[in-house]
Amino acid sequence: MSDIAADLKAVRDRMDAAARAAGRDPAAATLVAVSKTHPAEAVRAALTAGQRVFGENRVQEAKAKFPDLKAEFPDLELHLIGPLQSNKVRDAVALFDVIESVDRPKLAHSLADEMARAGRHPKILLQVNTGRESQKAGVDPDQADALVAVCREQYRLRVEGLMCIPPAEGDPVPHFCLLAEIAARNGLAVVSMGMSGDFETAIAHGATHIRVGSAIFGGRPQDKAMGSAQGGAHESLKP
Ligand SMILES: *Cc1c(COP(=O)(O)O)cnc(C)c1O
């Protein structure tokens, strides 16, 4: 078994145990394998080991890596988990199956227009800046309900759920609880939260999707791809 296959299995086993401990169905949480900065061969190793859902945080990088893999594995599901600029909306709609980082009305508007134009409809999650960190993307928690409403009523976008990246320091639990609460009161089924350092805690607090990179693919050099907008949360678990 490759390192990646073994690490994937270890993460899946930990997910299972966390779900059972929380009295949840182990199938209730989906693993999004975050492959940013890692080469296509690493993604291929994960695909060979049965993983099908992947996350990337940059449109350009994903565009270089994934079209061939998607042709080869038609059931591959690709999530955009990083900030999306308006000038990348066309590429994002063409490539991604889920866009987790919608955080402003103007972006929702661009996405709605492009989906209508292209006839392709990726699922949409709204990113919530639960820690109200000025350097981080995401809608302010106080404005989340309003953004859900604008997406639904003004742009006819079907919002599936919410995503958050808690502050790098401190207890993530209040952030996980806040995200789950905003999702519940808006009737949103998908809650994307938890990374390598805290995914078991996220599962205990209702995550339906966890986004795990370094625990599967190993460390990232310098973690530049996270960018300041994403914060440096949860550094790699591996040397
Ligand atoms: C990089 C990244 C992750 C995965 O982080 P790890 O700590 O490597 O598991 C999750 N979510 C987002 C938005 C990221 O940018």
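A few points on the structure. Note that this is a predicted model, so its numbers are computed, not measured.

Side note on the packing of helix α2 (residues 40-48) against helix α3 (residues 59-72)
The packing of two helices is summarised by the inter-axis angle and the distance between the axes. One can describe the packing of α2 onto α3 by two numbers: an axis separation of 10 Å at closest approach and a directional angle of 25°. One finds that α2 runs roughly parallel with respect to α3. Every pair of crossing elements has a handedness; the one defined by α2 and α3 is right-handed. Across from A40, V43, R44 and L47 in α2, the residues of α3 making contact are K65, F66, L69 and E72. Taken together, the residues of the contact of α2 with α3 break down into five nonpolar, no polar and three charged.

Brief notes about the pattern of salt bridges
Scanning all chains against the criterion turns up 19 salt bridges. Measuring nitrogen to oxygen at the nearest pair gives 3.2 Å for the salt bridge that ties D91 to K63. Pair noted here: D91 is in helix α4 (residues 89-95) and K63 is in helix α3, with a separation of 28 residues, a long-range link. You can call D91 partly exposed: its relative accessible area is 26%. With a shortest N-O distance of 3.3 Å, K70 and D97 are connected by a salt bridge.

Considerations on the packing of aromatic side chains
Following the criterion strictly, the structure yields one aromatic pair and no others. Taking the centre distance of 6.0 Å and the plane angle of 50° together, the rings of F54 and F66 count as tilted. Pair noted here: F54 is in strand β2 (residues 53-56) and F66 is in helix α3, with a separation of 12 residues, a long-range link. A single burial state applies to F54 and to F66, both of which are buried.

So, the pairing of strand β4 (residues 98-102)
In terms of residue burial, β4 counts as a mostly covered element, since five of its five residues are buried. Pairing analysis gives two bridges linking strand β3 (residues 77-80) to β4, with the strands arranged parallel. Each residue of the ladder has a partner; that of L80, found in β4, is I99. For the segment spanning β3, α4 and β4, crossover handedness is right-handed. Examined bridge by bridge, β4 and strand β5 (residues 123-127) share three bridges and lie parallel to one another. From the neighbouring strand, V102 faces β5, where its bridge partner is L126. Crossover β4 to β5 through helix α5 (residues 105-118) is right-handed.

Structural notes on α5
An α-helix turns once every 3.6 residues. As a result, residues three or four positions apart point the same way. The first and last C-alpha atoms of α5 sit 20 Å apart over 14 residues, in line with the 20 Å expected at 1.5 Å per residue. Within the sequence span of α5, burial applies to L107, A108, L111, A112, E114 and M115. The inward-facing, buried residues of α5 abut α4, β4, β5 and α6 (144-154). One or two steps after α5, the chain reaches G119, where phi turns positive at roughly 70°.

Analysis parameters
Residues numbered from 1 in each chain as written. Predicted model: local features only at pLDDT ≥ 70, side-chain atom pairs only at ≥ 80, totals over all residues. Heavy atoms only, no water. Axes fitted to C-alpha atoms, helices over the stretch in contact; angles between N-to-C directions. Helix = DSSP H or I, 4+ residues; strand = E, 2+ residues; numbered from the N terminus. Parallel < 35°, antiparallel > 145°, perpendicular 65-115°, else oblique. Left-handed = near helix turned anticlockwise from the far one by under 90°. Contact = heavy atoms within 4.5 Å. Nonpolar A, V, L, I, M, F, W, Y, C, P; charged D, E, K, R; others polar. Salt bridge = Lys/Arg side-chain N within 4 Å of Asp/Glu carboxyl O. Buried < 20%, exposed > 50% of the residue type's maximum accessible area, 1.4 Å probe, protein only. Phe/Tyr/Trp six-rings, centres within 6.5 Å; stacked < 30°, edge-to-face > 60°. Pairing = 2+ DSSP bridges. Right-handed = clockwise from strand over helix to strand, strands pointing away. Expected span 1.5 Å × (residues − 1).

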